[in-house]
Amino acid sequence: MAKKPLNIGLVGYGFMGRTHSNGYKRVSDFFPDLAYRPVLKAVCGRTAEKAQAFADQWGYESIETDWKKLIARDDIDAIDICTPNNSHAEISIAAAAAGKMILCEKPLSMNSEQGQEMVKAVEAAGVPNTVWYNYRRVPAVSLAKQLIDEGRLGRIFHYRSNFLQDWTISEDLPQGGAALWRLDVNAAGSGVTGDLLAHCLDTAIWLNGGVKDVTAMTETFVKERMHNETGKVEPVGIDDACAFLCHFDNGSLGLFESTRYARGHKALYTFEINGEKASIRWDLHDLHRLEYFDHADDSLIRGWHHVHCTDGDMPYMKQWWVPGLQIGYEHTFVHQVADFLKSIETGTPCSPTFAEALETQQICDAVLQSAKSRQWVDVK
Ligand SMILES: NC(=O)c1ccc[n+]([C@@H]2O[C@H](COP(=O)([O-])OP(=O)(O)OC[C@H]3O[C@@H](n4cnc5c(N)ncnc54)[C@H](O)[C@@H]3O)[C@@H](O)[C@H]2O)c1
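Attention here is on the structure that accompanies the text. A quick note: this is a predicted structure, and the numbers were derived from the prediction, not measured.

1. Topic: the site of the ligand
Consideration 1: For the ligand, the set of nearby residues contains 23 residues, the closest of which are G12, G14, F15, M16 and E105.
Consideration 2: Ranked by residues supplied to the shell around the ligand, first place goes to helix α1 (residues 15–30) with three residues.
Consideration 3: Class assignment for the residues of the shell around the ligand results in 11 nonpolar, eight polar and four charged.
Consideration 4: Here the shell around the ligand spans two domains, and each of domain 1 (4–134) and domain 2 (137–378) adds at least three residues to it.

See below:
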């Protein structure tokens, strides 16, 4: 049966613009049963020359240099937002008003007030929407969800998660502008909290449920940096590091840490969950493995299992190669595209929706507020 085209308009052609484009290009080959097929209709960037070079490289049919014009086009079905955080709300709200489907990069917004406006806009327009918290779609992480939902861990006591990097240690690193917008609070909204802990939180909410309250500390180790846009040395407004404790709604205790000052770590995202019957741990550097300890095992062989998530009965894996052969980071985006296309076909939401991603934003806000007030803060 001929597939229905879904015309994509991509805004922003940086790191995420590439991962998403790769997802759109590969999905129909590896998920042949989907009714929809993405078409790379247009890419939007502020510089025509660069946008054209990206279009030529990746196979987009056309370019725009103003996202408003992209949204106004009748031949675009879905807007994919891959721009810095301070533009997610404006683009999403305009796209929803124009009746476009929206795939928005994380974090949803600069703060939860803005996130609420975005949720209102997509709900009023009734447009399909999703936020790219792609780590849910690592097969080993999806397997963790399956094991927890089957009750294999029993009552959960602890959820522990880290996201460690080391790329901002140099005091000479400027803030702001292309590539360094993450260090500029006006473009990013926050530092590691919205950038990295948001990933840890999205996974945590998915695996272990909502968060009740938090107590946090943040630190900005380098207080001033040259700003690329003004050419002046300016105060740094982001959190360079953040650690927090929380209570989950299910009574378990959470411990989270993120920093860009952990020398030696590039993208060490980990989580460990300790339950009454079993424990699970996962590590992005070894993303195809799920470690699993089951107390019910025979005591003579009881220990941590290293489950290589490559068999066809494991989440997403029957679409790929043969047992024993692993997939990687870029496949999580192929999976999210596949799930989004399926959700349009079936008329069901593609998690996390804007409304679900707002929960992560609310916890991030509570974390930042707690660090400032040095008090426990309830998550709204
Ligand atoms: N899901 C993930 O794992 C993940 C990973 C990295 C980044 N992100 C998120 O993706 C978003 C983009 O991050 P990135 O790493 O791709 O950044 P990037 O700096 O590599 O790319 C951003 C792109 O947006 C463009 N841009 C900026 N303002 C624009 C405008 N007004 N109109 C059109 N284009 C504009 C820039 O020119 C650039 O091409 C951020 O929200 C970030 O938090 C998510």
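We are not done yet, so read on.
2. Quick look at the nonpolar core
Consideration 1: Formed by 102 residues in total, the largest nonpolar core has its most connected members in V43, I79, I102, L197, V214 and V367.
Consideration 2: Looking at which domains feed residues into this core, each of domain 1 (4–134) and domain 2 (137–378) gives three or more.
Consideration 3: Contact partners of I79, with chain neighbours within four places excluded, come to G9, V11, L70, I71, I91, A95, K100 and I102.
Consideration 4: If you look at the next biggest cluster of nonpolar residues, it comprises five residues, including L183, V185, A188 and I238.

3. Notes on the pairing of strand β1 (residues 4–11)
Each regular strand carries side chains that alternate between the two faces of the sheet.
Consideration 1: Direction of pairing for β1 relative to strand β2 (residues 36–44): parallel, over a ladder of eight bridges. Bridge pairing in β2 places L6 opposite P38.
Consideration 2: On the question of chirality, the crossover connecting β1 to the parallel β2 by way of α1 is right-handed.

4. Quick word on the sheet that holds strand β3 (residues 62–64)
Consideration 1: The strand order across the open sheet formed by six strands is β3-β2-β1-β4-β5-β6, and the pairing between neighbours is parallel. The two strands at the open ends of the sheet, each matched to only one other strand, are β3 and β6 (129–131). Strand after strand, the sheet turns through a mean of 25 degrees between neighbouring axes, direction not considered.
Consideration 2: Judged from the three bridges that link them, β2 and β3 form a sheet pairing that is parallel. By the bridge assignment, V43 is partnered in β3 with I63.
Consideration 3: Against the sheet, helix α2 (residues 48–58) engages β2 and β3, with an angle of about 155 degrees to β2.

The rules behind each value
- Residues numbered from 1 in each chain as written.
- Predicted model: local features only at pLDDT ≥ 70, side-chain atom pairs only at ≥ 80, totals over all residues.
- Near = placed C-beta within 6 Å.
- Helix = DSSP H or I, 4+ residues; strand = E, 2+ residues; numbered from the N terminus.
- Nonpolar A, V, L, I, M, F, W, Y, C, P; charged D, E, K, R; others polar.
- Domains from an automatic or database assignment.
- Core = buried A, V, L, I, M, F, W, Y, C linked by C-beta atoms within 7 Å.
- Buried ≥ 20, exposed ≤ 12 C-beta atoms within 10 Å, placed from the backbone.
- Contact = placed C-beta atoms within 7 Å.
- Pairing = 2+ DSSP bridges.
- Right-handed = clockwise from strand over helix to strand, strands pointing away.
- Axes fitted to C-alpha atoms, helices over the stretch in contact; angles between N-to-C directions.

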